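Okay, here's what each chain looks like letter by letter:
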Amino acid sequence: MDVTFQFDWHAAISSIPYLLTGIPYTLLISFGGLAIGFLIGILFGLLRISPVAWLRIPAIAYIEIFRGTPVLVQVLFIFYGLPQIIGGPVNALVAGIAAIAVNSGAYISEIVRGGVQSIERGQREASLSLGLSRTQSFRYVIWPQAFRRMIPSLGNQGIISIKDTSLFSVIGVGELVRQGQIYIATTFSALEVYLMVALMYLAITLSLSLALRLLERKGLVGQ
Amino acid sequence: MIDIKKKPGAELIVRMEKVNKFFGSLHVLQDIDLSVTHGEVVVIIGASGSGKSTLIRCINGLEEFQHGHIEVDGNQLLPNGKSSKSLQTIRTEVGMVFQQFNLFPHLSVRDNVTLAPIKVRGTSESDAIENADRLLEQVNIADQADKLPGQLSGGQQQRVALARALAMEPRLMLFDEPTSALDPEMIGEVLDAMRELAKAGMTMMIVTHEMGFAREVADRVIYIHKGQIVEQGKPEEVFDNPQNERTQSFLGRVLKH
Ligand SMILES: Nc1ncnc2c1ncn2[C@@H]1O[C@H](COP(=O)(O)OP(=O)(O)OP(=O)(O)O)[C@@H](O)[C@H]1O
Ligand SMILES: [Mg+2]
């Protein structure tokens, strides 16, 4: 069969306004989820290195479970499974944010652990020897240094989570991929539309990379 | 001159009684009995691995010990770290200078010095800065106050570390090989600052391999071997006329070269 294909620029361009309506959802799920994931990550990352076993073990369990299962299964569980337990529906947007939160939270816990453990023992000893409490030592000495070292890995995780949100079209949130699919259903211009969808993801992830590079450079001045 | 605020109090500032410490099965400190009086400069010498660092780190609770008792300026340190209440009190009264400086790399030199007074003592920022600048002046480093530690030489960093510890107005200063990580040409400037401090009357416990300096500033030299104090006395007694044969052979090795 002889297929000649013409890239339809018109179809690509005219899909943009419709696709753009998906971006707020993609951003909300990604950054909402990541913000919560960051808080989870700080908490569980620190519990993970606690000398107290009954604090450490739940943290290890959480990290292993949510790193070891696919984010798609997690969101399906939250959206379709959880309602059976709580006896009411879960909003698709909430389910998406929650899935990114618990999933990225598991990875960020490990990033936090690695960052904190990478700070030389002498930093803690010096701050304690000055009379700082353990909390003060962490807050003013360990954390600021650890956070700087974590920035590249946090950026990576941010990009991964942004891309993960593309899976959430399955639960019907109107994010980028979902909007693309709807548009294609009426225009049949899959190639053009998915290319536009891909470019929009790229625009978001590149902006994040750039922002983090600036943050890192600012941080390096302080090293 | 660095001025030292002396509180009236017990004549003894450190009293260690039958202190024993183990790292696993290694008996690092064995029945250490050691008292230090106010204003005294005690230098601790001994071979690598003999327990010098461990000994002084027990005094500010950076290391726990298993048996015995330590009293620092009237505060009790108990075995196995069971002294959490007095630990922070002790640490605010006891300054420490480390071999690797351990300055906070994300803070300016001045902020390194003001951090603890502001956060621990509740000193106002302006007072803390004024005091920091005065201390930095005393260790000849006032012009570096706005730099980050990483931009300074080792000798300069160690003098900042000294100023940082002094900013808490400690009653006792611990030094763990403060010049061992320095290039030879920078050792002098750090020893000068310490000499100044000793002259000002600071109580100091110093672990060092600088025997010339030890002889000059020490009121008492302690030789420790395999976790035991085997000999102590005035520097001229220990250096010129050591009684214990282990001290003799150690000094024979380090003084000859
Ligand atoms: N955290 C630790 N765990 C296990 N063993 C340790 C630890 N710290 C020190 N040791 C051991 O305890 C002994 C005494 O160590 P310490 O650091 O007090 O010696 P030191 O006299 O300061 O030696 P140096 O001159 O090399 O600094 C050494 O044998 C050392 O290997
Ligand atoms: Mg040592």
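Everything numeric in this text was worked out from a predicted model, so none of it was measured.

**Thoughts on the overall build of chain A**
Stage number 1. Within chain A, the regular secondary structure consists of nine helices and zero strands.
Stage number 2. Mapped in sequence order, the helices and strands of chain A form the string α-α-α-α-α-α-α-α-α.
Stage number 3. Along the first, second and third principal axes, the C-alpha set of chain A runs to 75 × 50 × 30 Å.
Stage number 4. Here the contacts in chain A between residues at least 6 apart in sequence split such that 76% fall between residues at least 24 apart.

**Some points on the site of ligand 1**
Residue and element names in this part refer to chain B.
Stage number 1. By nearness alone, 13 residues border ligand 1, and S48, G49, K52, S53 and T54 come closest of all.
Stage number 2. Between G49 and ligand 1, the recorded distance is 2.8 Å, taken from a backbone N or O atom to an oxygen atom.
Stage number 3. Between ligand 1 and the protein, one listed contact pairs an oxygen atom with a side-chain N or O atom of E177 at 3.1 Å.
Stage number 4. Out of a free accessible area of 640 Å², ligand 1 has 60% covered by protein chains.

**Concerning the sheet that holds strand 5 (residues 75-77) of chain B**
All names here are of chain B.
Stage number 1. Across the sheet, which stays open at both edges, the four strands sit in the order 2-1-4-5 with antiparallel pairing between neighbours. Each edge of the sheet is formed by a strand with only one pairing partner; in this case those strands are strand 2 (26-37) and strand 5. Ignoring which end each strand starts from, the neighbouring axes of this sheet average 20 degrees apart.
Stage number 2. When strand 4 (residues 67-72) meets strand 5, the two strands line up antiparallel, connected through three bridges. Residue pairing for strand 5: I70 is matched across the bridge by L77.
Stage number 3. With respect to the sheet, helix 1 (residues 52-59) is in contact with strand 1 (12-23), strand 2, strand 4 and strand 5, its orientation differing from that of strand 1 by roughly 125 degrees.

**Description of the environment of B:E169**
All names here are of chain B.
Stage number 1. Within the secondary structure, E169 is located in the loop between helix 5 (154-166) and strand 7 (172-176).
Stage number 2. Note on E169: relative accessible area 36%, which makes it partly exposed.
Stage number 3. Sequence spacing of E169 and T92 is 77 residues, and the spatial spacing of their C-alpha atoms is 8.3 Å.

**Quick look at the UniProt feature "transmembrane region" (unreviewed entry) in chain A**
Stage number 1. Sequence positions flagged by UniProt for "transmembrane region" (unreviewed entry) are, in local numbering, residues 25-47, 59-82 and 193-215 of chain A.
Stage number 2. For residues 59-82 of chain A, helix accounts for 88% and strand for 0%, while the C-alpha atoms at its two ends are 22 Å apart.

**Quick look at helix 5 of chain B**
Stage number 1. In a regular helix each residue adds 1.5 Å, so 13 residues correspond to 18 Å; helix 5 of chain B covers 18 Å between its end C-alpha atoms and thus fits that length.
Stage number 2. With respect to burial, helix 5 of chain B is a largely interior element, 13 of its 13 residues being buried.

**Remarks on the sheet that holds strand 6 (residues 94-97) of chain B**
Residue and element names in this part refer to chain B.
Stage number 1. Taken together, six strands build an open sheet; the order of strands is 6-7-8-3-9-10 and the sheet is mixed. For this open sheet the edge positions go to strand 6 and strand 10 (228-233), each flanked by a neighbour on one side alone. Neighbour-to-neighbour, the strand axes of this sheet turn through a mean angle of 20 degrees, independent of strand direction.
Stage number 2. Along the sheet face, helix 1 touches strand 3 (41-45), strand 6, strand 7, strand 8 (203-207) and strand 9 (220-225) and points at about 155 degrees away from the line of strand 7.
Stage number 3. Packing of helix 6 (residues 184-199) onto the sheet brings it into contact with strand 3, strand 7 and strand 8, and relative to strand 8 it is tilted by some 145 degrees.

**Some points on the packing of aromatic side chains**
Note on aromatic pairs: each is described by the distance of the centres and the angle between the planes.
Stage number 1. Summed over all chains, the structure comprises nine aromatic pairs over all chains.
Stage number 2. With 4.8 Å between their ring centres and 65 degrees between their planes, A:F7 and A:W9 make a pair best called edge-to-face.
Stage number 3. Look at A:F7 and you get partly exposed, because its relative accessible area is 24%.
Stage number 4. Its relative accessible area of 58% is what places A:W9 among the exposed residues.
Stage number 5. Taken together, a centroid distance of 5.0 Å and an interplanar angle of 35 degrees make the contact between B:Y223 and B:F250 tilted. Linking B:Y223 in strand 9 with B:F250 in helix 9 (residues 245-256), this pair joins segments that are 27 residues apart in sequence. Take B:Y223 and B:F250: they sit in the same class, and that class is buried.
Stage number 6. The aromatic ring of B:F23 is capped on one face by B:K21, whose charged end is 4.5 Å from the ring centroid.
Stage number 7. Cation over ring: B:R164 sits above B:F104, and NZ or CZ is 4.4 Å from the ring centre.

**Points about the layout of surface pockets**
Stage number 1. Considered as a void within the structure, the largest pocket measures approximately 700 Å³ in volume.
Stage number 2. Considering the residues around the largest pocket, the lining is formed by 19 residues, among which A:I49, A:P51, A:V116, A:R124 and A:F138 are closest to the centre.
Stage number 3. Among the secondary structure elements, those contributing two or more residues to the lining of the largest pocket are helix 2 (23-48), helix 5 (92-117), helix 6 (121-129) and helix 7 (134-164) of chain A.
Stage number 4. No other element matches helix 7 of chain A, which puts five residues into the lining of the largest pocket.
Stage number 5. Split into classes, the residues belonging to the lining of the largest pocket amount to 11 nonpolar, four polar and four charged.
Stage number 6. By volume, the second largest pocket amounts to about 490 Å³.
Stage number 7. Surrounding the second largest pocket, 23 residues form its lining, A:R124, A:L128, B:G61, B:L87 and B:R91 being those nearest its centre.

Reading the values: rules and limits
Residues numbered from 1 in each chain as written. Chains lettered and ligands numbered in written order. Predicted model: local features only at pLDDT ≥ 70, side-chain atom pairs only at ≥ 80, totals over all residues. Heavy atoms only, no water. Helix = DSSP H or I, 4+ residues; strand = E, 2+ residues; numbered from the N terminus. Contact = heavy atoms within 4.5 Å. Near = heavy atom within 4 Å. Polar contact = N/O pair within 3.5 Å; in protein donor to acceptor, adjacent residues only side chain to side chain. Areas by Shrake-Rupley, 256 points an atom, 1.4 Å probe, with all protein chains shown as cover. Pairing = 2+ DSSP bridges. Axes fitted to C-alpha atoms, helices over the stretch in contact; angles between N-to-C directions. Buried < 20%, exposed > 50% of the residue type's maximum accessible area, 1.4 Å probe, protein only. UniProt positions renumbered as here; feature names shortened; annotations may be inferred. Expected span 1.5 Å × (residues − 1). Phe/Tyr/Trp six-rings, centres within 6.5 Å; stacked < 30°, edge-to-face > 60°. Lys NZ or Arg CZ within 6 Å of the ring centre and 35° of its normal. 1 Å grid on protein atoms, 1.4 Å probe; cavity = no way out; pocket = protein on both sides within 12 Å on 5 of 7 lines; lining within 4 Å. Points joined across faces, edges and corners; volume = space filled by probe spheres on them. Nonpolar A, V, L, I, M, F, W, Y, C, P; charged D, E, K, R; others polar.

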